[in-house]
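# Structural overview for review
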Amino acid sequence: MTTSWGTTMLERKARRVRVASVAAFAVAVGCGRPPPPPYKPIADVKQLMQGIVDPSADVVWESVATIFTKDHVEERRPRTKEEWDHVRSNAMILTESGNLLMMAPRAKDGGDWMRMAQDLVDTASIALRAADAKDADGLLKVGGQIDEACENCHKKYWPNY
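Residues numbered from 1 in each chain as written. Predicted model: local features only at pLDDT ≥ 70, side-chain atom pairs only at ≥ 80, totals over all residues. Heavy atoms only, no water.

### Side note on the overall build of the chain
Per the secondary structure count, the chain includes five helices and two strands. Overall, the chain shows an N-to-C arrangement of helices and strands of α-α-β-β-α-α-α. Taking all 161 residues of the chain together, the buried fraction comes to 29%. Contacts spanning at least 24 positions in sequence make up 58% of the contacts within the chain whose residues lie at least 6 apart. Per element, the accessible surface of the chain, about 10900 Å² overall, is 59% carbon and sulfur. (Helix = DSSP H or I, 4+ residues; strand = E, 2+ residues; numbered from the N terminus. Buried < 20%, exposed > 50% of the residue type's maximum accessible area, 1.4 Å probe, protein only. Contact = heavy atoms within 4.5 Å. Areas by Shrake-Rupley, 256 points an atom, 1.4 Å probe, with all protein chains shown as cover.)

### Quick notes on the side chain of Arg 106
Examined against the element boundaries, Arg 106 turns out to sit in the loop between helix H3 (81-101) and helix H4 (112-132). Within the structure, Arg 106 has its side chain in polar contact with the backbone oxygen of Leu 100 (distance 2.9 Å). Setting aside residues up to four positions removed in sequence, Arg 106 forms contacts with Pro 41, Ile 42, Ala 43, Val 45, Leu 48, Leu 100, Leu 101 and Trp 113. (Polar contact = N/O pair within 3.5 Å; in protein donor to acceptor, adjacent residues only side chain to side chain.)

### Remarks on the packing of aromatic side chains
The geometry of an aromatic ring pair is captured by the separation of the ring centres together with the interplanar angle, meaning the angle of the planes. Taken as a whole and assessed by the stated rule, the structure comprises one aromatic pair. Its end group placed over the ring of Trp 113, Lys 108 keeps NZ or CZ at 5.8 Å from the ring centre. (Phe/Tyr/Trp six-rings, centres within 6.5 Å; stacked < 30°, edge-to-face > 60°. Lys NZ or Arg CZ within 6 Å of the ring centre and 35° of its normal.)

### Overview of empty space enclosed by the protein
The full count for this structure, using the stated rule, is one cavity of 30 Å³ or more. Within this model, the largest cavity holds a volume of roughly 90 Å³. Around the largest cavity sit Met 49, Val 53, Leu 101, Met 116, Ala 117, Leu 120, Ala 149, Cys 150, Cys 153 and His 154, which together line it. Counting residues per element, the ones that place at least two in the lining of the largest cavity are helix H2 (45-62), H4 and helix H5 (136-157). The dominant element in the lining of the largest cavity, judged by the number of residues it contributes, is H5, at four residues. Of the residues contributing to the lining of the largest cavity, the split by class is nine nonpolar, one polar and no charged. (1 Å grid on protein atoms, 1.4 Å probe; cavity = no way out; pocket = protein on both sides within 12 Å on 5 of 7 lines; lining within 4 Å. Points joined across faces, edges and corners; volume = space filled by probe spheres on them. Nonpolar A, V, L, I, M, F, W, Y, C, P; charged D, E, K, R; others polar.)

### Considerations on H4
Under the 1.5 Å per step criterion, the end-to-end length of H4 is 30 Å for 21 residues, consistent within 8% with the ideal 30 Å. Here H4 has its buried residues at Trp 113, Met 116, Ala 117, Leu 120, Val 121, Thr 123, Ala 124, Ser 125, Ala 127, Leu 128, Ala 130 and Ala 131. On its buried face, H4 is in contact with H2, H3 and H5. Of the residues trailing H4, Lys 134 is marked for its positive phi of about 55°. (Expected span 1.5 Å × (residues − 1).)

### A short note on the pattern of salt bridges
Counted under the stated rule, the structure contains seven salt bridges. Across the salt bridge formed by Asp 132 and Arg 88, the nearest N and O atoms sit 2.3 Å from each other. Taken together, the residues span a long stretch of sequence, with Asp 132 in helix H4 and Arg 88 in helix H3 at a distance of 44 residues. You can call Asp 132 partly exposed: its relative accessible area is 42%. Of the charged contacts in the structure, one is a salt bridge between Arg 115 and Asp 119, with a shortest N-O distance of 3.6 Å. Here Asp 119 and Arg 115 lie together in helix H4, a separation of four residues that amounts to about one turn. For Arg 115, a relative accessible area of 45% gives the class partly exposed. Among the charged side chains, a salt-bridge network with shared partners connects Asp 112, Arg 115, Asp 119 and Lys 156. (Salt bridge = Lys/Arg side-chain N within 4 Å of Asp/Glu carboxyl O.)

Honestly, that's just the spatial picture; any functional story needs more than this.
So this is what it looks like as structure tokens:
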């Protein structure tokens, strides 16, 4: 029997079998990969916060500021390549820290903890892009968003920090 597209039912069936075979092969190849190497977390959440997250966040937050004193106004901005590189490196560390917080055994649950850790990844990524673009105003703006991501998590999981 010929269909309206000029192919026979047998040709259509053969095409479906080929498509299904290719899909099955792709699944088999994907499942045949060796498992990723095991990782071994060393720091707990508190150590990660004290040694990595807080210092990196401080660099990002302190990189741009307007400081008013009795005698003058100081505009703090990264100006040299080295200063921008320093901010960029710390924004990257802060971004990746969110991923570290999602890893077992650090992850406290699969709900709010994961969402809040992802918020850190997302907001710190904005800081990373701002540092790449040498956008001091962007860094200043995202600093508040990073602080909010941190505070939301601390309120629930570390209320007396």
